[in-house]
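Commentary on secondary and tertiary structure
Here are the chains, one letter per residue:
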Amino acid sequence: MKYFRFRSAAAAIAGIVLLSGCLNSLTPKAADLERVQELYVEEFTVLNVPAAAEVDAARAPAPAAGGAFAQSLRAIHAYRAKYPDDTPERAHLQVLEGMIYLQSGRFGLAAAVLPQVKSAAGQLTSGTGRVVRDRLFAENYGVLLDGWTETRKENNRDWQTFERVANQLAQALAAVPVHERASVEADQGALYLATSAAVFYVWAYRQIGMSEEREQAPAKKAVWFAQARDLIGQYLTDAEKRADISRDLGADAPIGRLRYVQWYHWLDEKLATP
Amino acid sequence: MPLPLALPVALSAIQSLVKFRGRLDTILSLNQSTASLPFALPPVPADDAPHVEPMLTFFGTAAGRDILVIRGLEADWEAVKPSPFAGHVQQSLGRLLRAYYESCDIRPESLGPSEEGNRVFVAKGPSKEMRLAYYIVESERLSRNPAATRVLLAAADTLLEFGGANASLFIAHPRTRALVESLLTEFAVKRDWDDAGGAQIFKTLLGSAVVAALEHPGSCADRPVARVLFAALGDLQTSMGADFVAKLVTRDGFQTLIGRCLVRTADEPALLPDQPVLQEIMGAMLREAGENLDGLLGQPGALAGVLECGIHAAVTTAAPLLDRKVAGQPLLAVVLKAALGETEKAAASHALFARIADGRFFTALYGASLQSVADHPAALATQAKLRSHVAGLISACAGEVGKVQLNETFSLPTLRVLAIRALEVVGEQPEFLSRHGEFTARIMGAAVSASAAALKDGFTTSDLTEITEAVVRTASANLSLAELDDRLQTIVAAFAQPLADEGLSVVITAGRRKELFHTALEALSANPAVWGEFAGRDMVQPLVAGVIRALATNPGGLLSGPALVPAFQRIIEAAARRGRAFLDEKTTPEALETVVTAALVAAEGAVGVSIDAKTLPDFLDDVVLAFLAAPFDPKVQQTLGDWLQQKLPAAA
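Within any chain, residue numbers begin from 1 and follow the written order of that chain's sequence. Going through the entries in the order they are written, you letter the chains from A and number the ligands from 1. Given that the model is predicted, a residue must reach a pLDDT of at least 70 before its local features are reported, and side-chain atom pairs must reach 80 or more before they are shown or counted; all residues, however, enter totals for whole chains, interfaces and linings. Working from all heavy atoms in the structure, the side-chain values ignore hydrogens and water.

**A word on the overall build of chain A**
Scanning chain A for helices and strands turns up 14 helices and 0 strands. The numbering of helices and of strands both runs from the N terminus, where a helix is a DSSP run of H or I of at least 4 residues and a strand a run of E of at least 2. Taken from the N to the C terminus, the helices and strands of chain A come in the order α-α-α-α-α-α-α-α-α-α-α-α-α-α. Categorising residues by exposure relies on relative accessible area from a 1.4 Å probe, with only protein chains included: less than 20% of the type maximum marks a residue as buried, more than 50% marks it as exposed, and the intermediate range marks it as partly exposed. Buried residues in chain A amount to 53% of all 274 residues. At a minimum sequence separation of 6, the contacts of chain A that also span at least 24 residues come to 69%. Counting every atom, chain A has about 11900 Å² of accessible surface; 55% of that belongs to carbon and sulfur. What makes two residues a contact is simply this: any of their non-hydrogen atoms within 4.5 Å. Accessible surface area values rest on a Shrake-Rupley calculation with a 1.4 Å probe, where residue burial reflects the displayed protein chains alone.

**Side note on the nonpolar core**
Ranked by internal contacts, the top residues of the largest apolar core, which has 201 residues, are Tyr366(B) and Trp531(B). Not counting residues within four places of it along the chain, the set of residues in contact with Tyr366(B) comprises Met285(B), Val306(B), Cys309(B), Gly310(B), Leu332(B), Val335(B), Leu336(B) and Ala339(B). As used here, the term nonpolar core means buried Ala, Val, Leu, Ile, Met, Phe, Trp, Tyr and Cys residues forming a set that is joined through side-chain atoms within 4.5 Å. If you look at the next biggest cluster of nonpolar residues, it comprises 88 residues, including Met99(A), Ala190(A), Leu132(B) and Leu142(B).

**A closer look at the packing of aromatic side chains**
For any two aromatic rings, the description comes down to two numbers: the centre-to-centre distance and the angle of the planes. Ring pairs are drawn from Phe, Tyr and Trp, using the six-membered ring of Trp, whenever the two centres fall within 6.5 Å, and their geometry is named by plane angle: stacked under 30 degrees, edge-to-face over 60, tilted for the rest. The tally for this structure, following the rule as stated, stands at 26 aromatic pairs over all chains. With a centroid separation of 5.2 Å and 80° between ring planes, the pair formed by Tyr134(B) and Tyr135(B) is classed as edge-to-face. Both residues of the pair, Tyr134(B) and Tyr135(B), count as buried. A centroid spacing of 5.2 Å and a plane angle of 85° characterise the contact between Phe627(B) and Phe632(B), whose relative ring orientation is edge-to-face. A connected cluster of aromatic rings, assembled from ring pairs, spans Tyr40(A), Phe44(A), Phe69(A), Phe137(A), Tyr192(A), Phe39(B), Tyr134(B) and Tyr135(B).

**Focus on unusual backbone geometry**
Despite not being glycine, Asn156(A) has its phi angle at roughly 60°, a positive value. By the element assignment, Asn156(A) lies in the loop between helix 9 (141-151) and helix 10 (159-175).

**Overview of the confidence of the model for chain B**
Every residue is assigned a pLDDT by the predictor, reflecting its confidence on a scale from 0 to 100. For chain B, the average pLDDT comes to 80, and 87% of its residues sit at 70 or higher. The complex prediction reports pTM at 0.61, with the ipTM value standing at 0.89.

**Considering the pattern of salt bridges**
Residue and element names in this part refer to chain A. For this analysis, a salt bridge means a side-chain nitrogen from Lys or Arg found within 4 Å of a carboxyl oxygen belonging to Asp or Glu. One pass over the structure, following the stated rule, counts 30 salt bridges over all chains. Between arginine 35 and glutamate 38 there is a salt bridge, and its shortest N-O distance comes to 3.2 Å. One end of the pair, arginine 35, and the other, glutamate 38, are both in helix 3 (residues 28-48), 3 residues apart, so they sit about a helical turn from each other. Overall, glutamate 38 belongs to the partly exposed group, its relative accessible area being 35%.

**A short note on the packing of helix 9 of chain A against helix 11 (residues 189-208) of chain A**
All names here are of chain A. Running from amino to carboxyl end, helix 9 crosses helix 11 at an angle of 40°, the nearest separation of the two axes being 11 Å. The angle between helix 9 and helix 11 falls in the class oblique. Viewed along their axes, helix 9 and helix 11 form a crossing whose handedness is left-handed. Where helix 9 approaches helix 11, its residues Leu144, Gly147, Trp148 and Thr151 are matched on the opposing element by Tyr192, Leu193, Ser196, Phe200 and Trp203. Polar here means any residue other than Ala, Val, Leu, Ile, Met, Phe, Trp, Tyr, Cys and Pro, which are nonpolar, and Asp, Glu, Lys and Arg, which are charged; Gly is therefore polar. Among the residues making up the contact of helix 9 with helix 11, the classes are represented as 6 nonpolar, 3 polar and no charged. To get an axis, fit a line to the C-alpha atoms, keeping to the stretch in contact for a helix; angles then go from 0 to 180 degrees between the N-to-C directions. The cut-offs work like this: below 35 degrees is roughly parallel, past 145 is roughly antiparallel, 65 to 115 is roughly perpendicular, and the gaps in between are oblique. Handedness of a crossing follows from how the near helix is turned relative to the far one, being left-handed for an anticlockwise turn of less than a right angle and right-handed for a clockwise one.

**Considerations on the environment of Leu17(B)**
Residue and element names in this part refer to chain B. Looking at where leucine 17 falls in the secondary structure, it is placed in helix 1 (residues 7-19). Exposure remark for leucine 17: the relative accessible area of 4% places this residue in the buried category. Taking the C-alpha atoms as reference, leucine 17 lies 6.3 Å from alanine 156; in sequence the two are 139 residues apart. When residues no more than four places from it in sequence are discounted, the contact partners of leucine 17 are Arg23, Leu24, Ile27, Leu152, Leu153 and Ala156.

Have a look at this one:
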């Protein structure tokens, strides 16, 4: 047969050995995007994921410094240069870049890319009609930036800013029509934002306790913690909400949702004890 | 969700994707942009509020003030003291609190789930991927249709990976297109594509099928057995799970199996029309194999070997095996299980057997077991009887192998090759195998011993295999040799002597010495009873050795040509024909040796008169028969000389 006539057998077998190399040349855009994400995951792991032996909290990872995610950022910029068209992939990477700046404490750069991140939301509409992770991040990036920035302020850290940020996130999530909400098993963007809002509510409580209005702290705690708990609870299953958090849930709960479940139960516990 | 597209549409879509690679790249990259990625939550604050007042009190003390001085925090203290909760002094307040915590060994509570507890928990993850999973935020797809897209993408992606530039042609060809269709049917139409394990198995099988097809250009059958294999794997995935099947399809040698199944057609008469039966059998054998991948079947070549052996036996045996069952299970699978169990048991008792029992050896053993069982109705009555039958064969083989002496020339790999060949040849005689399991093992032992003897003098492994085969074919074609029991090995070992005889090696080549061995086997077949009696009296070795020594004198180079082999044959056949002379002790092998030696000398004298390469064997035959008919003492040289002169043929 003619299609067997040349050494395609040898080429195919060589392709097995040079698996990724073959794939790169056949679908370069996908391969380049995957490479960016791999770099991001590698650099995230170095900064945030403890090795099996590192259980000493005193050696918990320090806030990311200026050099954090350097390779990821370079790869993102290289991808943009190589594929200049406006596409969902570029929008995704724009959001990723913004989240890198937030997580590494580079709020100046985060503010600089704010317009691009927000406009990326328009490219991140899912064909399923549901609002996906990156679009939620893009639409709420400004609010997230305000919240993260406030956590790192040296002076004049304001509880009202935290309260505003948390409320805005909660309202944004509530504004998503029910039929447009992605299943939480498939997409945890809303759950992530809900928990971020909860963290900001907790910051608000912390800050009011250190302010001139500190006598309001107990009352505010009851309101904010309940709001935070209930916000997270919208995206958890009944079983997760009922779980006995004192036991190790690792074997039962999906690992990726565990931190949200922990936040829910911590807030619930704090509400139960005055 | 299973594949929601019709198969022809799916196949065309795959072909289109492959053809228009750019489009595939776009689809893949869109898919990639919603990959799961890790994101950290905002940092968690410490609960400092309860510690502000105590801190202020502490630094109001003398000790506290000393600490302020030592740490250079006096300016901060002066800033904070008037209004500790003002916004503009929060940085100073923070520094004072930290100094206070360190001085008083206080750890403020975290306002959130315990950071330390989290780190301990996350660090418990067995792998980096598991630990990273704690931070993953998944995303739903941006594309519209998930399952169909993923199937098509996976298929096109895989075809491009392995098929390279010819991927679209691969799927255009009817035969290979049918392969992809069968894989799609088994692993995308019938199965749930939301299961990532199933998707991975599909991609692995498709990749293997593509490579296998490219390795057999033009040989793919119209209705390859591979389609049945895929169907069987699909059934196995349903019953045993994706992980079980994944272990099978990623095993070394599975691709070889696919290759063999591609060229092997399901159109063979013995396989039609009962394809569901073949699928059931394959499924049962694969299940058995999957549960033994850590043992013998995990060795290279074993998996493909036993499956192919089973199918081959199923279609080539006189008694059809394909639809035979024992206790409701396919015979091929039941025998496989029994053979595995008995082989492991035998290996535990016989060290040398354990060492040679690799994948290839087990395949040969399995094939022999299958043939043995198939032709033995009693063995098929129950599983217990079947297992007992197989156990008898295997333990006998193990016992025979255990008697072999390894040395620097006769190595383990050589023994393995010979033992495998012996089993394969004896497997061609199923009727013999089914009734003479232990004798089969003795044949194997005899064949291997004969080959071991030959190793001393430069025979190749292929020569040894030929020798082994000759022994096995001779013995298994002559059921009366079964009566010889252990004497067979003694006889065969004596016949193997010419193979290594130093005296003969200067007379004739290795090939001619092999011929001597074959003729000796023929002589054995012609008169097994007498040779058996010779063996019982320990006469075989001295008899054969004596004849060899006599021939090795080779006076005048008479035997350097083609005369040696027929001469040897005629002498030992005659010795057996008149063997009663030895058994009744009227003469001895040593006497025969003297006579033959003298006969050759006499023959040398008659060269050019009446003896040549053609008449020499007749002369020697006459001499031996005449001597054994009326034995005398050959040491009386004059008598012998005169007697031989009378035996010489008349001048031409």
